[in-house]
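Okay, here's what each chain looks like letter by letter:
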Amino acid sequence: MKKFPFAQLGWLCVVLCLSMIASAQKLKPEEIVAKHLESIGTGEARSAAKSRLVVGSAVVTFVTQKNQKAAGRIVLASSGEKNFLGLNLNAMDYPGEKFSFDGAKAKVATVISGQRSLFGNFVGSNDILLKDSLIGGALFSSWALNDLQRNKAKLSYDGTKKIDGREHYVLGYSSKNAGDLDISLYFDKESFRHVRTEYRRTSSAGIGVSPDQSSGFSETRLKIVEDYSQFNTVKGVTLPFSYKLNYWIAGQRGTTEVEWAYFLEDFSFNQNFDTNAFDADAK
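Residues numbered from 1 in each chain as written. Predicted model: local features only at pLDDT ≥ 70, side-chain atom pairs only at ≥ 80, totals over all residues. Heavy atoms only, no water.

(A) Local environment of the pattern of salt bridges. As enumerated under the stated definition, the model contains 10 salt bridges in all. As a salt-bridge pair, D188 and R166 come within 2.8 Å of each other at their nearest N and O atoms. Of this pair, D188 sits in strand β8 (residues 182-188) while R166 sits in strand β7 (residues 166-174), and the two are 22 residues apart along the sequence. On the basis of relative accessibility, which here comes to 5%, the residue D188 falls in the buried class. Under the relative-accessibility criterion, R166 is labelled partly exposed at 39%. Ionic contacts of the salt-bridge type, sharing partners, join the residues R196, E198, R200 and D227 into one network. (Salt bridge = Lys/Arg side-chain N within 4 Å of Asp/Glu carboxyl O. Helix = DSSP H or I, 4+ residues; strand = E, 2+ residues; numbered from the N terminus. Buried < 20%, exposed > 50% of the residue type's maximum accessible area, 1.4 Å probe, protein only.)

(B) Representation of the side chain of T238. Among the secondary structure elements, T238 is positioned in strand β11 (residues 237-251). Polar side-chain contacts of T238 include one of 2.8 Å to the side chain of T233. Beyond its immediate stretch of four places on either side in the chain, T238 contacts S39, I40, R193, F231, N232 and T233. (Polar contact = N/O pair within 3.5 Å; in protein donor to acceptor, adjacent residues only side chain to side chain. Contact = heavy atoms within 4.5 Å.)

(C) Unusual backbone geometry, seen in detail. Unlike most non-glycine residues, S113 shows phi in positive territory, near 55 degrees. With respect to the secondary-structure elements, S113 resides in the loop between β5 (106-108) and α4 (118-125).

(D) Quick peek at the side chain of S78. Examined against the element boundaries, S78 turns out to sit in strand β2 (residues 68-79). A polar contact is formed between the side chain of S78 and the backbone nitrogen of S141, at a distance of 2.9 Å. Contacts of S78, omitting those with residues within four sequence positions, involve S51, R52, N83, L139, F140, S141, S142, F273 and F278.

(E) Representation of the nonpolar core in the model. Counting residues in each nonpolar core, the largest one holds 70 residues, and the members touching the most others are L87, Y94, F119, F122, W260, L264 and F267. Those residues in contact with L264, other than ones at most four positions away along the chain, are V54, V55, G56, I74, L76, L139, P240, F241 and Y243. (Core = buried A, V, L, I, M, F, W, Y, C linked by side-chain atoms within 4.5 Å.)

(F) Examining the packing of aromatic side chains more closely. In total, this model carries 11 aromatic pairs according to the counting rule given. Considering the side-chain rings of F119 and W260, the 5.1 Å spacing of their centres and the 40 degrees angle between planes classify their relative orientation as tilted. Within this pair, whereas F119 is found in helix α4, its partner W260 is found in strand β12 (residues 254-269), the two being separated by 141 residues in sequence. When sorted by exposure, F119 lands in the same class as W260, which is buried. With a centroid separation of 5.2 Å and 45 degrees between ring planes, the pair formed by Y243 and Y262 is classed as tilted. Linking Y243 in strand β11 with Y262 in strand β12, this pair joins segments that are 19 residues apart in sequence. (Phe/Tyr/Trp six-rings, centres within 6.5 Å; stacked < 30°, edge-to-face > 60°.)

(G) How the structure looks around the pairing of β2. In this sheet, β2 lies alongside strand β1 (residues 51-62) in antiparallel orientation, the contact comprising 12 bridges. Across the sheet, residue T61 finds its bridge partner in β2, namely K69. Taking the residues between adjacent antiparallel strands as the criterion, β1 and β2 are bridged by five residues, where K66 takes a positive phi near 55 degrees. Bridge count between β2 and strand β3 (residues 82-89): eight bridges; the pairing is antiparallel. Looking at β3, one finds that S79 is bridged to K82. Between β2 and the antiparallel strand that follows it, β3, lie two residues; G80 among them carries a positive phi value of about 60 degrees. (Pairing = 2+ DSSP bridges.)

Shape is all these values report; function is a separate question.
Set out below in structure tokens:
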């Protein structure tokens, strides 16, 4: 009978132990979400803030237009399932944005001459961002992860990834309303704070009337990244005071990149909003 070398047996034990430790460290999506919500505040503190109003300054950079900039103010309001994001800028050709969800219908206001912006068109055709309250993250009291059953969304554990040298848990977010949009949520591995959401989509190249024409078409790739940082505690809840959104799309018509940087200053809770507060079309 052939003897099994002790050295190999010892190495096998080490590998098995490491495998068991790695398995034990892997958290389930619902465990990550629970720890994330605790990072915002206690259940009592979160429940006490039934509505939220956040105001701050905004800088928009049109990266592919020689880094042209526009400045202004941002307002985020939320109550229950409802949310509103309003942006007012000092630019004639891009005066701002208005997104809303009143608990039943999502709306995206036109920007100028009855037309939506490029980003507004994206949000309008992917209203899951407003209905599930994904955009804006935990800044909204209606944040998607507060009630996954309401949105009938599913989460998947997609491993870990480093951002600026720090490890983060990555969860995939899926819903029947997401279509072909891939959504990933990032949580700091130590604090469990939600620090990033990524939205990705790749559309196939078009088909021409001839092989030669088809070869001239290219696929369209879309990537939107929301980053949250500079967390501080207000009224018992810990929220990001810095919020950045980067929109990037590349395809047949070239590449477009725009970045919105928000620096949040004032946080108010339990406001009494009027009936039009969550209607992007309201004047």
